[in-house]
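Okay, here's what each chain looks like letter by letter:
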Amino acid sequence: FSVDTETKYKGSSAMRFDIPNAGDPAGAYSGAIFRLSSPRDLSDFDALTFWAKSSESASINDIGFGQDFGENKFQSEISGSLRLTTYWKKYIIPIPDPSKLIAETGMMWYAEGPEENGDGYSFWIDELKFEKLGTIAQPKPAILDGEDVVMSSFTGVTIELTGLTQ
């Protein structure tokens, strides 16, 4: 990436990533792994967050954390669905089980190619950080509003279930 002092969300600069056009002689792919030489304890965080924007509406193929040129044991990512816009927007990549991330070196990675039309584009990332949002949780589905209900019935009788939540 390059450091851009003109296009930024906050502060004095942002990271700029240039995605090449299809058929580019140097290759039509861009990707990187941002790795630390010394492990970092991420167990106090529940998300990798960042602000991003793009020169055009686009979807990043893969972006996340946990790739470390090794086992990639706790790799987490968003694949094919991180829709970038032409304005700054905050993105959140949840950490499924932070208690396991006590010695991580793979801080961020991405892999991207040109969009379906073959055109390359640029995108920017700013304020990239691990955070404790306190709003990340596993979905908890319930029926009957989560109440324990005992019902008697017979074969062939329909019972309506209400209070379906997620």
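For the structure, check the block above.
Counting from 1, residues in each chain are numbered in the order their sequence is written. Reporting in this predicted model follows two pLDDT cut-offs: at least 70 for local features of residues, and 80 or more for side-chain atom pairs to be given and counted; totals over whole chains, interfaces and linings ignore these cut-offs and use all residues. The basis for every side-chain value is the complete set of heavy atoms in the structure, and neither hydrogens nor water enter the calculation.

> Tell me about the overall build of the chain, and please be specific about residues and values.
By definition, any uninterrupted DSSP run of H or I lasting at least four residues is a helix, any uninterrupted run of E lasting at least two residues is a strand, and each is numbered from the N terminus. From N to C terminus, the chain includes 0 helices and 9 strands. Each helix and strand of the chain, ordered N terminal to C terminal, gives the series β-β-β-β-β-β-β-β-β. Over its C-alpha atoms the chain spans a radius of gyration of 21 Å, topping by over 25% the 15 Å that the globule rule assigns to 166 residues. C-alpha extents for the chain along the principal axes are approximately 70 × 40 × 30 Å. Note on method: radius of gyration uses C-alpha positions; expected globular size equals 2.2 Å times residues raised to 0.38.

> Hey, could you go over the environment of F34 for me, with residue numbers and the actual values?
Looking at the element boundaries, F34 is found in strand β3 (residues 30-40). Partly exposed describes any residue whose relative accessible area lies between the buried limit of under 20% and the exposed limit of over 50%, with all areas from a 1.4 Å probe on protein chains only and scaled to the type maximum. Judged by relative accessible area, which is 23%, F34 ranks as partly exposed. Taking C-alpha positions, F34 is 5.2 Å from M108, a pair spaced 74 residues apart along the chain. What F34 contacts, discounting residues up to four positions off in sequence, is F1, F17, T105, G106, M107, M108 and Y110. Should any heavy atoms of two residues lie within 4.5 Å, those residues are considered in contact.

> So what about the side chain of D46? Which residues, and what values?
Relative to the helices and strands, D46 is located in the loop between β3 and β4 (47-54). All tallies of charge rest on Lys and Arg as positive and Asp and Glu as negative; His and the ends of each chain are not included. By convention in these notes, a salt bridge is any Lys or Arg side-chain nitrogen within 4 Å of a carboxyl oxygen on Asp or Glu. Lacking a salt bridge, the buried D46 has K132 as its closest oppositely charged neighbour, with an N-O distance of 4.5 Å. Whenever a nitrogen or oxygen atom comes within 3.5 Å of another N or O atom, the pair is scored as a polar contact, on the condition that within protein one atom can donate a hydrogen and the other can accept it, and that pairs from neighbouring residues in sequence are kept only if both atoms are in side chains. A polar side-chain atom of D46 sits 2.9 Å from the main-chain amide nitrogen of G134. Every residue in contact with D46, bar those within four places of it in the chain, is listed here: P94, I95, P98, E131, K132, L133, G134, T135 and I136.

> So what's going on with a nonpolar patch on the surface? Residues and values would help.
Exposure above 30% relative accessible area and the absence of a salt bridge qualify a residue for a patch, where like charges join within 9 Å and nonpolar side chains (Val, Leu, Ile, Met, Phe, Trp, Tyr) within 5 Å. Here the Shrake-Rupley method, with its probe set to 1.4 Å, supplies the accessible areas, and only the displayed protein chains count as covering residues. Side chains of I143, V149, M151, F154, V157, I159, L161 and L164 sit close together on the surface and give an oily, nonpolar patch of about 790 Å² of accessible area. With respect to the element layout, M151 can be found in the segment after β9 (121-131). Look at M151 and you get partly exposed, because its relative accessible area is 43%.

> Quick one: what's the story with the sheet that holds strand β2 (residues 14-19), residue by residue and with numbers?
Spatially, β1-β2-β9-β4-β7 is the arrangement adopted by the 5 strands of the open sheet, whose pairing is antiparallel. At either margin of the open sheet sits one strand with a lone partner, and together these are β1 (2-4) and β7 (89-94). Within this sheet the neighbouring strands show an average axis-to-axis angle of 40°, counted without direction. By the convention used here, strands pair only if DSSP detects at least 2 bridges between them. Lines are fitted to the C-alpha atoms to define the axes, a helix being fitted only along its stretch in contact, and any angle between axes, read from their N-to-C directions, falls within 0 to 180 degrees.

> An account of the nonpolar core is requested, with residue identities and associated values reported.
Within the largest apolar cluster, 26 residues are counted, with the highest numbers of intra-cluster contacts made by F50, I63, L82, L84, F123, I125 and F130. Sequence-distant contacts of F130, defined by excluding residues within four places in its chain, comprise R40, L42, F45, A47, L48, F65, I95 and M107. What is meant by a nonpolar core is a set of buried Ala, Val, Leu, Ile, Met, Phe, Trp, Tyr and Cys residues, joined one to another through side-chain atoms within 4.5 Å.

> Residue-level account of the environment of G134, with values.
By secondary structure assignment, the location of G134 is in the segment after β9. Residues G134 and W124 lie 10 residues apart in sequence; the distance between their C-alpha atoms is 26 Å.

> How would you explain the pattern of salt bridges if you had to name every residue and give the values?
On inspection of all chains with the given rule, the structure shows 3 salt bridges. One salt bridge in this structure joins K90 and E131, with 3.1 Å as the shortest N-O distance. Separated by 41 residues along the polypeptide, K90 in strand β7 and E131 in strand β9 bring together distant segments of the chain. The salt bridge partner of E127 is K129, with a shortest N-O separation of 3.8 Å.

> Now, about the packing of aromatic side chains: what can you tell me, with residues and values included?
Note on aromatic contacts: the rings of Phe and Tyr and the six-membered ring of Trp form a pair at centre separations within 6.5 Å, being stacked when their planes are under 30 degrees apart, edge-to-face when over 60 apart, and tilted otherwise. Here the structure, examined in full by the defined rule, presents 12 aromatic pairs. Ring centres of F65 and F130 lie 5.7 Å apart, and the angle between their planes is 85°; this geometry places the pair in the edge-to-face category. Of the two residues, F65 is situated in strand β5 (residues 58-65) and F130 in strand β9; the sequence distance between them amounts to 65 residues. Each member of the pair, F65 as well as F130, carries the same accessibility label: buried. Ring geometry for Y110 versus F123: centroids 5.8 Å apart, planes at 85°, classification edge-to-face. With Y110 in strand β8 (residues 104-112) and F123 in strand β9, this residue pair connects regions lying 13 residues apart in the sequence.

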